[in-house]
Amino acid sequence: MTATFSAPKGTYDLLPPESEAFLAVREAMAAPLRRAGYGYIETPTFEHTALFERGVGESTDVVSKEMYSFTTRGGDNLSLKPEGTAGVVRAVVQHRLYAGQLPVKLWYSGSYYRYERPQAGRYRHFSQVGAEALGVDDPALDAEIVSLGAQIYRDLGLTQVRLLLNSLGDAECRPVYRARLVEFLSGLDLDAETRKRIEINPLRVLDDKRPEVVAQVGDAPVMADSLCDDCKAHYDLVRGYLADLGVTWEETPRLVRGLDYYTRTTFEFVHDGLGSQSAVGGGGRYDGLSEQVGGPQLPGVGWALGVDRTVLALKAESVEITAGAGCEVFAVPLGAAAKQCLVPVVADLRRRGVAADLAYGDRGLKGAMKAADRSGASIAIVVGERDLEAGVAQVKDLGTGGQEPVALDELLETIEKRLR
Ligand code: HAM
(Lines give C-alpha, C1' and ligand atoms only; values in the text may rest on other atoms or scores of the structure.)
Protein backbone atom coordinates (compact mmCIF):
# COMPACT_ATOMS: atom_id res chain seq x y z
CA MET A 1 0.00 0.00 0.00
CA THR A 2 1.25 3.48 -0.80
CA ALA A 3 1.95 5.65 2.25
CA THR A 4 -0.38 8.60 2.72
CA PHE A 5 1.05 12.08 2.95
CA SER A 6 0.40 14.93 5.31
CA ALA A 7 1.44 18.57 5.06
CA PRO A 8 5.10 19.10 6.12
CA LYS A 9 5.84 20.00 9.74
CA GLY A 10 5.17 23.64 10.56
CA THR A 11 2.70 24.09 7.70
CA TYR A 12 -1.06 23.81 7.50
CA ASP A 13 -3.75 23.71 4.86
CA LEU A 14 -6.22 26.55 4.60
CA LEU A 15 -9.61 24.96 4.16
CA PRO A 16 -13.14 26.29 3.79
CA PRO A 17 -14.93 27.73 5.62
CA GLU A 18 -12.00 29.05 7.79
CA SER A 19 -10.09 30.03 4.64
CA GLU A 20 -12.70 32.76 4.07
CA ALA A 21 -11.39 34.60 7.14
CA PHE A 22 -7.90 34.61 5.60
CA LEU A 23 -9.17 36.08 2.36
CA ALA A 24 -11.15 38.70 4.25
CA VAL A 25 -8.12 39.66 6.37
CA ARG A 26 -5.87 39.95 3.31
CA GLU A 27 -8.48 42.12 1.64
CA ALA A 28 -8.87 44.29 4.77
CA MET A 29 -5.09 44.81 4.80
CA ALA A 30 -4.78 45.54 1.08
CA ALA A 31 -7.73 47.89 0.52
CA PRO A 32 -6.41 50.81 2.66
CA LEU A 33 -3.00 50.52 0.96
CA ARG A 34 -4.53 50.80 -2.49
CA ARG A 35 -6.54 53.82 -1.35
CA ALA A 36 -3.30 55.39 -0.09
CA GLY A 37 -1.62 55.10 -3.50
CA TYR A 38 0.37 51.88 -3.07
CA GLY A 39 0.75 49.83 -6.28
CA TYR A 40 0.75 46.02 -6.26
CA ILE A 41 4.09 44.25 -6.67
CA GLU A 42 4.80 40.54 -6.92
CA THR A 43 8.35 39.23 -6.81
CA PRO A 44 9.49 35.60 -7.20
CA THR A 45 9.08 33.06 -4.42
CA PHE A 46 12.86 32.54 -4.44
CA GLU A 47 15.78 34.92 -4.79
CA HIS A 48 19.56 34.63 -4.84
CA THR A 49 20.64 33.61 -1.34
CA ALA A 50 23.24 36.42 -1.34
CA LEU A 51 20.43 39.01 -1.56
CA PHE A 52 19.13 37.96 1.86
CA GLU A 53 22.63 37.52 3.29
CA ARG A 54 23.50 41.08 2.37
CA GLY A 55 20.06 42.64 2.79
CA VAL A 56 18.55 40.96 5.84
CA GLY A 57 21.94 40.27 7.43
CA GLU A 58 24.11 37.18 7.86
CA SER A 59 24.07 37.46 11.64
CA THR A 60 20.28 37.27 11.92
CA ASP A 61 18.58 34.02 12.89
CA VAL A 62 16.36 34.42 9.84
CA VAL A 63 19.34 34.17 7.48
CA SER A 64 21.80 32.06 9.47
CA LYS A 65 19.39 29.40 10.72
CA GLU A 66 15.99 29.65 9.10
CA MET A 67 16.34 29.89 5.34
CA TYR A 68 15.23 27.22 2.90
CA SER A 69 18.29 27.35 0.67
CA PHE A 70 19.17 25.13 -2.26
CA THR A 71 21.45 24.87 -5.26
CA THR A 72 19.65 24.60 -8.59
CA ARG A 73 20.53 22.14 -11.35
CA GLY A 74 22.22 25.09 -13.04
CA GLY A 75 24.37 25.81 -9.97
CA ASP A 76 22.57 28.91 -8.65
CA ASN A 77 22.32 29.35 -4.88
CA LEU A 78 18.73 30.33 -4.17
CA SER A 79 16.52 30.64 -1.08
CA LEU A 80 12.78 30.73 -0.56
CA LYS A 81 12.04 34.24 0.61
CA PRO A 82 11.95 34.52 4.41
CA GLU A 83 10.55 38.07 4.14
CA GLY A 84 9.43 40.51 1.46
CA THR A 85 11.44 43.72 1.80
CA ALA A 86 14.76 42.54 0.29
CA GLY A 87 13.04 41.24 -2.86
CA VAL A 88 10.99 44.43 -3.28
CA VAL A 89 14.10 46.63 -2.94
CA ARG A 90 15.93 44.36 -5.39
CA ALA A 91 13.08 44.81 -7.91
CA VAL A 92 12.93 48.60 -7.40
CA VAL A 93 16.67 48.84 -8.06
CA GLN A 94 16.66 46.39 -10.97
CA HIS A 95 13.81 48.19 -12.78
CA ARG A 96 14.99 51.67 -11.76
CA LEU A 97 11.55 52.50 -10.36
CA TYR A 98 13.29 55.24 -8.36
CA ALA A 99 13.83 57.17 -11.62
CA GLY A 100 10.12 58.07 -11.66
CA GLN A 101 8.02 59.87 -9.12
CA LEU A 102 9.04 59.50 -5.49
CA PRO A 103 8.18 57.94 -3.17
CA VAL A 104 7.72 54.61 -4.92
CA LYS A 105 4.84 53.09 -2.95
CA LEU A 106 4.29 49.35 -3.24
CA TRP A 107 2.24 46.67 -1.51
CA TYR A 108 2.42 42.90 -1.68
CA SER A 109 0.75 39.79 -0.36
CA GLY A 110 2.29 36.36 -0.30
CA SER A 111 3.86 33.33 1.30
CA TYR A 112 7.13 33.42 3.25
CA TYR A 113 9.26 30.59 4.57
CA ARG A 114 11.32 30.29 7.74
CA TYR A 115 12.68 27.06 9.18
CA GLU A 116 11.59 27.98 12.71
CA ARG A 117 10.60 25.74 15.59
CA PRO A 118 6.87 25.43 14.98
CA GLN A 119 4.42 26.40 17.71
CA ALA A 120 1.07 28.16 17.93
CA GLY A 121 1.33 31.25 15.72
CA ARG A 122 4.78 30.33 14.40
CA TYR A 123 4.90 28.40 11.16
CA ARG A 124 7.44 27.45 8.54
CA HIS A 125 5.14 28.68 5.80
CA PHE A 126 3.19 31.81 6.64
CA SER A 127 1.47 34.68 4.96
CA GLN A 128 2.14 38.42 5.04
CA VAL A 129 0.68 41.54 3.50
CA GLY A 130 3.34 44.22 3.24
CA ALA A 131 3.82 47.86 2.28
CA GLU A 132 7.04 49.66 1.29
CA ALA A 133 7.59 53.33 0.45
CA LEU A 134 10.96 54.18 -1.09
CA GLY A 135 12.87 57.21 -2.21
CA VAL A 136 12.20 59.88 0.44
CA ASP A 137 13.09 60.07 4.11
CA ASP A 138 10.16 62.29 5.07
CA PRO A 139 9.02 61.55 8.66
CA ALA A 140 5.43 62.10 7.48
CA LEU A 141 5.87 58.94 5.39
CA ASP A 142 6.96 56.93 8.45
CA ALA A 143 3.77 58.21 10.11
CA GLU A 144 1.64 57.25 7.10
CA ILE A 145 3.01 53.71 7.14
CA VAL A 146 2.57 53.27 10.89
CA SER A 147 -0.91 54.77 10.97
CA LEU A 148 -2.09 52.64 8.04
CA GLY A 149 -1.14 49.55 10.06
CA ALA A 150 -2.85 50.84 13.19
CA GLN A 151 -5.97 51.72 11.19
CA ILE A 152 -6.10 48.24 9.62
CA TYR A 153 -6.18 46.54 13.01
CA ARG A 154 -8.76 48.99 14.29
CA ASP A 155 -10.99 48.50 11.23
CA LEU A 156 -10.74 44.74 11.63
CA GLY A 157 -12.35 45.22 15.02
CA LEU A 158 -9.31 44.32 17.11
CA THR A 159 -9.04 46.23 20.38
CA GLN A 160 -6.04 44.51 21.98
CA VAL A 161 -3.33 45.51 19.50
CA ARG A 162 -0.58 47.72 20.93
CA LEU A 163 1.94 49.68 18.90
CA LEU A 164 5.53 49.55 20.17
CA LEU A 165 7.74 52.32 18.81
CA ASN A 166 11.47 52.99 18.86
CA SER A 167 14.24 54.69 16.91
CA LEU A 168 17.39 52.73 16.11
CA GLY A 169 19.43 55.70 14.92
CA ASP A 170 21.48 55.80 11.74
CA ALA A 171 24.97 55.18 10.39
CA GLU A 172 26.24 58.16 12.38
CA CYS A 173 24.90 57.53 15.88
CA ARG A 174 24.33 53.77 15.94
CA PRO A 175 28.08 52.91 15.99
CA VAL A 176 28.55 55.23 18.99
CA TYR A 177 25.68 53.57 20.81
CA ARG A 178 26.92 50.16 19.80
CA ALA A 179 30.30 50.85 21.34
CA ARG A 180 28.65 51.96 24.59
CA LEU A 181 26.47 48.86 24.61
CA VAL A 182 29.37 46.50 23.90
CA GLU A 183 31.30 48.04 26.77
CA PHE A 184 28.33 47.54 29.10
CA LEU A 185 27.63 43.97 27.98
CA SER A 186 31.27 42.94 28.19
CA GLY A 187 31.16 43.55 31.93
CA LEU A 188 28.30 41.07 32.48
CA ASP A 189 28.37 37.41 33.42
CA LEU A 190 27.28 35.81 30.15
CA ASP A 191 27.86 32.41 28.50
CA ALA A 192 30.28 31.99 25.63
CA GLU A 193 27.66 31.96 22.91
CA THR A 194 26.07 35.18 24.12
CA ARG A 195 29.51 36.77 24.33
CA LYS A 196 30.05 35.87 20.70
CA ARG A 197 26.73 37.50 19.88
CA ILE A 198 27.91 40.73 21.51
CA GLU A 199 30.56 40.98 18.83
CA ILE A 200 28.21 40.23 15.94
CA ASN A 201 25.16 42.23 16.99
CA PRO A 202 25.04 43.47 20.60
CA LEU A 203 21.49 44.83 20.17
CA ARG A 204 20.24 41.29 19.86
CA VAL A 205 21.43 40.51 23.39
CA LEU A 206 18.88 43.05 24.64
CA ASP A 207 16.23 40.89 22.96
CA ASP A 208 17.33 37.72 24.83
CA LYS A 209 14.35 36.32 26.74
CA ARG A 210 16.30 34.09 29.19
CA PRO A 211 15.78 35.26 32.79
CA GLU A 212 19.52 35.20 33.63
CA VAL A 213 20.15 37.61 30.75
CA VAL A 214 17.05 39.75 31.31
CA ALA A 215 18.11 40.23 34.96
CA GLN A 216 21.48 41.66 33.90
CA VAL A 217 20.58 43.94 31.02
CA GLY A 218 18.10 46.10 32.97
CA ASP A 219 20.55 49.01 33.18
CA ALA A 220 21.91 48.68 29.64
CA PRO A 221 22.23 51.96 27.74
CA VAL A 222 19.38 52.58 25.29
CA MET A 223 19.56 53.98 21.78
CA ALA A 224 17.18 56.83 22.63
CA ASP A 225 19.90 58.45 24.78
CA SER A 226 22.46 58.25 21.97
CA LEU A 227 20.47 59.53 18.98
CA CYS A 228 22.27 62.16 16.88
CA ASP A 229 20.51 65.48 16.27
CA ASP A 230 19.16 64.47 12.84
CA CYS A 231 17.75 61.17 14.13
CA LYS A 232 16.26 62.85 17.13
CA ALA A 233 14.61 65.53 14.99
CA HIS A 234 13.28 62.84 12.62
CA TYR A 235 11.87 60.79 15.48
CA ASP A 236 10.25 63.85 17.09
CA LEU A 237 8.51 64.69 13.81
CA VAL A 238 7.31 61.10 13.35
CA ARG A 239 5.78 61.16 16.81
CA GLY A 240 4.23 64.56 16.16
CA TYR A 241 2.52 63.30 13.01
CA LEU A 242 1.36 60.14 14.76
CA ALA A 243 -0.17 62.20 17.55
CA ASP A 244 -1.92 64.38 14.95
CA LEU A 245 -3.24 61.22 13.31
CA GLY A 246 -4.68 60.00 16.60
CA VAL A 247 -2.36 57.00 16.77
CA THR A 248 -1.35 55.89 20.25
CA TRP A 249 1.90 54.05 20.91
CA GLU A 250 4.20 52.82 23.63
CA GLU A 251 7.72 54.12 23.64
CA THR A 252 9.83 50.94 23.66
CA PRO A 253 13.54 51.77 23.85
CA ARG A 254 14.46 48.06 23.96
CA LEU A 255 12.53 47.14 20.82
CA VAL A 256 14.89 45.10 18.67
CA ARG A 257 13.78 43.67 15.36
CA GLY A 258 15.01 40.36 13.97
CA LEU A 259 16.30 41.83 10.70
CA ASP A 260 19.49 43.90 10.32
CA TYR A 261 18.42 46.55 7.80
CA TYR A 262 16.54 48.89 10.15
CA THR A 263 17.50 52.50 10.78
CA ARG A 264 15.63 55.20 12.72
CA THR A 265 11.90 54.45 13.15
CA THR A 266 11.13 50.84 14.07
CA PHE A 267 7.89 49.44 15.37
CA GLU A 268 5.92 46.34 16.12
CA PHE A 269 2.19 45.67 16.50
CA VAL A 270 1.64 43.17 19.31
CA HIS A 271 -1.50 41.40 20.43
CA ASP A 272 -1.87 40.35 24.05
CA GLY A 273 -4.04 37.30 23.41
CA LEU A 274 -1.49 35.31 21.44
CA GLY A 275 1.00 34.04 24.00
CA SER A 276 4.68 34.18 23.11
CA GLN A 277 4.15 34.81 19.37
CA SER A 278 2.54 38.15 20.05
CA ALA A 279 3.87 40.20 17.11
CA VAL A 280 1.10 40.48 14.57
CA GLY A 281 3.08 42.90 12.40
CA GLY A 282 6.23 44.95 12.30
CA GLY A 283 8.46 47.17 10.28
CA GLY A 284 10.46 50.33 10.14
CA ARG A 285 12.81 52.50 8.14
CA TYR A 286 15.69 50.93 6.20
CA ASP A 287 17.67 53.80 4.70
CA GLY A 288 20.79 51.78 3.90
CA LEU A 289 19.23 48.64 2.44
CA SER A 290 19.31 49.65 -1.22
CA GLU A 291 23.05 50.38 -1.12
CA GLN A 292 23.57 47.18 0.85
CA VAL A 293 22.22 45.21 -2.12
CA GLY A 294 24.14 47.21 -4.73
CA GLY A 295 21.58 49.92 -5.49
CA PRO A 296 21.73 53.71 -5.24
CA GLN A 297 21.12 55.60 -2.01
CA LEU A 298 17.39 55.08 -1.55
CA PRO A 299 15.72 55.52 1.81
CA GLY A 300 12.70 53.38 2.57
CA VAL A 301 10.12 52.58 5.19
CA GLY A 302 7.57 49.80 5.40
CA TRP A 303 5.89 47.03 7.34
CA ALA A 304 4.61 43.51 6.97
CA LEU A 305 1.52 42.29 8.78
CA GLY A 306 1.21 38.57 9.53
CA VAL A 307 -2.04 37.22 8.13
CA ASP A 308 -1.93 33.96 10.13
CA ARG A 309 -1.43 35.72 13.46
CA THR A 310 -4.02 38.37 12.67
CA VAL A 311 -6.57 35.60 12.08
CA LEU A 312 -5.55 34.10 15.45
CA ALA A 313 -5.95 37.54 17.08
CA LEU A 314 -9.47 37.84 15.65
CA LYS A 315 -10.26 34.43 17.10
CA ALA A 316 -8.77 35.39 20.47
CA GLU A 317 -11.04 38.45 20.60
CA SER A 318 -14.03 36.50 19.19
CA VAL A 319 -14.35 38.96 16.32
CA GLU A 320 -16.37 37.50 13.46
CA ILE A 321 -15.03 38.75 10.18
CA THR A 322 -17.62 38.97 7.43
CA ALA A 323 -16.58 36.62 4.70
CA GLY A 324 -17.54 37.05 1.05
CA ALA A 325 -21.18 36.30 0.12
CA GLY A 326 -21.93 32.63 0.71
CA CYS A 327 -24.48 30.75 -1.32
CA GLU A 328 -27.74 32.69 -1.74
CA VAL A 329 -29.77 30.46 -4.02
CA PHE A 330 -29.68 26.67 -4.24
CA ALA A 331 -31.25 24.87 -7.24
CA VAL A 332 -32.74 21.40 -6.79
CA PRO A 333 -33.54 19.57 -10.04
CA LEU A 334 -35.65 16.42 -9.78
CA GLY A 335 -34.85 14.43 -12.92
CA ALA A 336 -32.78 14.92 -16.08
CA ALA A 337 -35.11 17.39 -17.83
CA ALA A 338 -35.27 19.58 -14.71
CA LYS A 339 -31.50 19.56 -14.51
CA GLN A 340 -31.30 20.68 -18.14
CA CYS A 341 -33.61 23.54 -17.23
CA LEU A 342 -31.80 24.59 -14.03
CA VAL A 343 -28.14 24.38 -15.12
CA PRO A 344 -28.49 27.55 -17.29
CA VAL A 345 -30.65 29.23 -14.61
CA VAL A 346 -27.83 28.89 -12.09
CA ALA A 347 -25.32 30.25 -14.62
CA ASP A 348 -27.65 33.21 -15.37
CA LEU A 349 -28.06 33.98 -11.67
CA ARG A 350 -24.29 33.97 -11.18
CA ARG A 351 -23.88 36.30 -14.17
CA ARG A 352 -26.28 38.68 -12.45
CA GLY A 353 -24.10 38.63 -9.34
CA VAL A 354 -26.13 36.15 -7.29
CA ALA A 355 -24.19 33.42 -5.47
CA ALA A 356 -25.93 30.28 -6.70
CA ASP A 357 -25.29 26.54 -6.61
CA LEU A 358 -27.01 23.35 -7.75
CA ALA A 359 -27.56 19.91 -6.25
CA TYR A 360 -25.23 17.89 -8.48
CA GLY A 361 -25.19 14.09 -8.47
CA ASP A 362 -28.88 13.31 -9.00
CA ARG A 363 -29.78 13.11 -5.34
CA GLY A 364 -33.37 12.56 -4.28
CA LEU A 365 -35.48 15.44 -2.95
CA LYS A 366 -34.60 14.75 0.69
CA GLY A 367 -30.83 14.66 0.20
CA ALA A 368 -30.91 17.68 -2.12
CA MET A 369 -32.93 19.76 0.36
CA LYS A 370 -30.46 18.86 3.09
CA ALA A 371 -27.68 20.15 0.81
CA ALA A 372 -29.72 23.32 0.20
CA ASP A 373 -30.01 23.92 3.94
CA ARG A 374 -26.32 23.26 4.49
CA SER A 375 -25.34 25.65 1.69
CA GLY A 376 -26.54 28.62 3.72
CA ALA A 377 -28.81 29.77 0.87
CA SER A 378 -31.99 31.65 1.72
CA ILE A 379 -33.89 30.50 -1.37
CA ALA A 380 -34.21 27.09 -3.05
CA ILE A 381 -35.51 26.59 -6.57
CA VAL A 382 -37.12 23.15 -6.87
CA VAL A 383 -38.17 21.83 -10.29
CA GLY A 384 -39.82 18.44 -10.93
CA GLU A 385 -41.44 16.93 -14.02
CA ARG A 386 -44.87 18.34 -13.27
CA ASP A 387 -43.42 21.83 -12.77
CA LEU A 388 -41.78 21.65 -16.16
CA GLU A 389 -45.06 20.68 -17.80
CA ALA A 390 -46.70 23.70 -16.13
CA GLY A 391 -43.76 25.99 -17.08
CA VAL A 392 -42.99 26.89 -13.45
CA ALA A 393 -40.39 26.43 -10.73
CA GLN A 394 -41.16 26.14 -7.02
CA VAL A 395 -39.42 28.96 -5.19
CA LYS A 396 -38.95 28.03 -1.57
CA ASP A 397 -38.03 30.40 1.24
CA LEU A 398 -35.59 28.32 3.29
CA GLY A 399 -36.14 30.52 6.33
CA THR A 400 -39.93 30.31 6.62
CA GLY A 401 -40.45 27.13 4.57
CA GLY A 402 -43.03 28.94 2.44
CA GLN A 403 -43.14 27.92 -1.22
CA GLU A 404 -44.81 29.26 -4.37
CA PRO A 405 -44.74 28.46 -8.09
CA VAL A 406 -43.10 31.10 -10.31
CA ALA A 407 -43.28 31.10 -14.13
CA LEU A 408 -39.91 30.04 -15.57
CA ASP A 409 -39.63 33.14 -17.75
CA GLU A 410 -40.04 35.35 -14.66
CA LEU A 411 -37.78 33.29 -12.44
CA LEU A 412 -34.57 35.35 -12.61
CA GLU A 413 -36.29 38.69 -11.98
CA THR A 414 -38.42 37.27 -9.15
CA ILE A 415 -35.41 35.84 -7.36
CA GLU A 416 -33.35 38.98 -7.78
CA LYS A 417 -36.21 41.07 -6.40
CA ARG A 418 -36.58 38.79 -3.39
CA LEU A 419 -32.88 38.92 -2.58
CA ARG A 420 -32.28 42.62 -2.89
P1 HAM B 1 8.95 40.43 10.56
O2 HAM B 1 8.76 41.10 11.86
O3 HAM B 1 10.03 39.44 10.45
O4 HAM B 1 9.19 41.61 9.51
O5 HAM B 1 7.60 39.77 10.10
C6 HAM B 1 6.39 40.52 10.06
C7 HAM B 1 5.26 39.69 10.62
O8 HAM B 1 5.15 38.45 9.93
C9 HAM B 1 5.41 39.30 12.08
O10 HAM B 1 5.00 40.34 12.93
C11 HAM B 1 4.50 38.09 12.17
O12 HAM B 1 3.15 38.50 12.35
C13 HAM B 1 4.64 37.46 10.81
N14 HAM B 1 5.56 36.30 10.91
C15 HAM B 1 6.90 36.32 10.86
N16 HAM B 1 7.40 35.06 11.01
C17 HAM B 1 6.33 34.24 11.14
C18 HAM B 1 6.18 32.83 11.33
N19 HAM B 1 7.23 32.00 11.37
N20 HAM B 1 4.91 32.33 11.45
C21 HAM B 1 3.83 33.15 11.39
N22 HAM B 1 3.92 34.48 11.21
C23 HAM B 1 5.16 35.03 11.08
C24 HAM B 1 9.42 41.42 8.19
O25 HAM B 1 9.24 40.39 7.60
C26 HAM B 1 9.83 42.70 7.47
N27 HAM B 1 10.08 42.38 6.05
C28 HAM B 1 8.79 43.77 7.64
C29 HAM B 1 9.14 45.04 6.97
C30 HAM B 1 8.67 45.52 5.80
N31 HAM B 1 10.03 45.93 7.41
C32 HAM B 1 10.12 46.93 6.54
N33 HAM B 1 9.29 46.68 5.53
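Residues numbered from 1 in each chain as written. Predicted model: local features only at pLDDT ≥ 70, side-chain atom pairs only at ≥ 80, totals over all residues. Heavy atoms only, no water.

### Considerations on the site of the ligand
- Near the ligand lie 27 residues; those nearest to it are E83, E116, Y123, E132 and Y262.
- Residue E83 places a side-chain N or O atom 2.6 Å away from a nitrogen atom belonging to the ligand.
- When the free accessible area of the ligand is taken as 650 Å², the share hidden by the protein chains comes to 96%.
- Going through the elements one at a time, β6 (125-134), β10 (279-285) and β11 (300-306) are the ones with two or more residues in the shell around the ligand.
- In terms of residues, the shell around the ligand owes the most to one element, β10, which gives 6 residues. (Near = heavy atom within 4 Å. Polar contact = N/O pair within 3.5 Å; in protein donor to acceptor, adjacent residues only side chain to side chain. Areas by Shrake-Rupley, 256 points an atom, 1.4 Å probe, with all protein chains shown as cover. Helix = DSSP H or I, 4+ residues; strand = E, 2+ residues; numbered from the N terminus.)

### So, a nonpolar patch on the surface
- On the surface, a nonpolar cluster with roughly 280 Å² of combined accessible area is contributed by L237, Y241 and L245.
- Counting through the fold element by element, Y241 comes out in helix α10 (residues 229-244). (Patch = residues over 30% accessible without salt bridge, like charges linked within 9 Å, V, L, I, M, F, W, Y side chains within 5 Å. Salt bridge = Lys/Arg side-chain N within 4 Å of Asp/Glu carboxyl O.)

### Describing the sheet that holds strand β4 (residues 77-80)
- One open sheet accounts for 3 strands, arranged β2-β4-β3; its pairing is antiparallel. The open sheet has two edge strands with one neighbour each: β2 (46-48) and β3 (69-71). Along the sheet, successive strands turn relative to each other by an average axial angle of 35 degrees, direction set aside.
- Pairing of β3 with β4 involves 3 bridges; the strand directions are antiparallel. (Pairing = 2+ DSSP bridges. Axes fitted to C-alpha atoms, helices over the stretch in contact; angles between N-to-C directions.)

### Describing α10
- For α10, built from 16 residues, the straight-helix expectation of 22 Å at 1.5 Å per residue is met to within 8% by its first-to-last C-alpha distance of 22 Å.
- Within two residues after α10, G246 carries a phi angle of roughly 75 degrees, on the positive side. (Expected span 1.5 Å × (residues − 1).)

### Comments concerning the nonpolar core
- Core analysis: the biggest nonpolar cluster contains 83 residues, and L33, Y38, V56, F267, F269 and W303 have the highest contact counts within it.
- With near-sequence residues (within four places) excluded, Y38 lies in contact with L33, K105, L106, W107, A131, E132, A133, L141, E144, I145 and L148.
- Core analysis: the next-biggest nonpolar cluster, separate from the first, contains 19 residues, L342, I379, V406 and L412 among them. (Core = buried A, V, L, I, M, F, W, Y, C linked by side-chain atoms within 4.5 Å. Buried < 20%, exposed > 50% of the residue type's maximum accessible area, 1.4 Å probe, protein only. Contact = heavy atoms within 4.5 Å.)

### Brief notes about the sheet that holds β10
- Strand order in the open sheet formed by 8 strands is β1-β5-β6-β11-β10-β9-β7-β8, with mixed pairing between adjacent strands. Edge positions in the open sheet fall to β1 (39-40) and β8 (250-251), since each of these has one partner strand only.
- Here 6 bridges tie strand β9 (residues 263-271) to β10, and the two strands are oriented antiparallel to one another. Following the sheet pairing, T263 is matched in β10 by R285.
- Lying on the sheet, helix α1 (residues 19-35) is in contact with β5 (104-113), β6 and β11; it crosses β6 at an angle near 5 degrees.

### Comments concerning the packing of α1 against helix α12 (residues 307-316)
- Running from N to C, α1 and α12 cross one another at 110 degrees; their axes reach a closest spacing of 10 Å. The orientation of α1 with respect to α12, classified from their angle, is roughly perpendicular. Two secondary-structure elements touch here, α1 through A21, F22, V25, R26 and M29 and α12 through V307, D308, T310, V311 and L314.
- For the contact of α1 with α12, the per-class residue count stands at 7 nonpolar, 1 polar and 2 charged. (Parallel < 35°, antiparallel > 145°, perpendicular 65-115°, else oblique. Nonpolar A, V, L, I, M, F, W, Y, C, P; charged D, E, K, R; others polar.)

### Focus: the packing of aromatic side chains
- Scanning the entire structure with this criterion turns up 11 aromatic pairs.
- In this structure an aromatic cluster arises from ring pairing among Y12, F22 and Y123.
- Sitting over the ring of Y115, R124 keeps its end group 3.8 Å from the ring centre. (Phe/Tyr/Trp six-rings, centres within 6.5 Å; stacked < 30°, edge-to-face > 60°. Lys NZ or Arg CZ within 6 Å of the ring centre and 35° of its normal.)

### A short note on helix α4 (residues 85-94)
- Counting buried residues along α4, 9 of its 10 residues qualify, which places the element largely inside the surrounding structure.
- Turning to α4, its buried residues are T85, A86, G87, V88, V89, R90, A91, V92 and V93.
- Packing partners of the buried residues in α4 comprise β2, α2 (49-57), β5, β6 and α11 (289-292).
- Directly after α4, the chain includes R96, whose backbone phi takes a positive value near 50 degrees.

### Quick notes on the environment of A243
- Its place among the elements puts A243 in helix α10.
- Given a relative accessible area of 48%, A243 falls into the partly exposed group.
- Residues A243 and A143 lie 100 residues apart in sequence; the distance between their C-alpha atoms is 9.3 Å.

### With respect to unusual backbone geometry
- Cis geometry marks the peptide bond from P16 to P17, where omega comes out at 5 degrees.
- Relative to the helices and strands, P17 resides in the segment before α1.
- The phi torsion at R96 lies on the positive side, around 50 degrees, for a residue other than glycine.
- Within the secondary structure, R96 is located in the loop between α4 and β5.
- Classification of R96 by relative accessible area gives exposed; the value is 52%.
- In the Ramachandran plot, R264 falls in the positive-phi region, its phi being about 50 degrees despite a non-glycine side chain.
- Mapped onto the secondary structure, R264 falls in strand β9.

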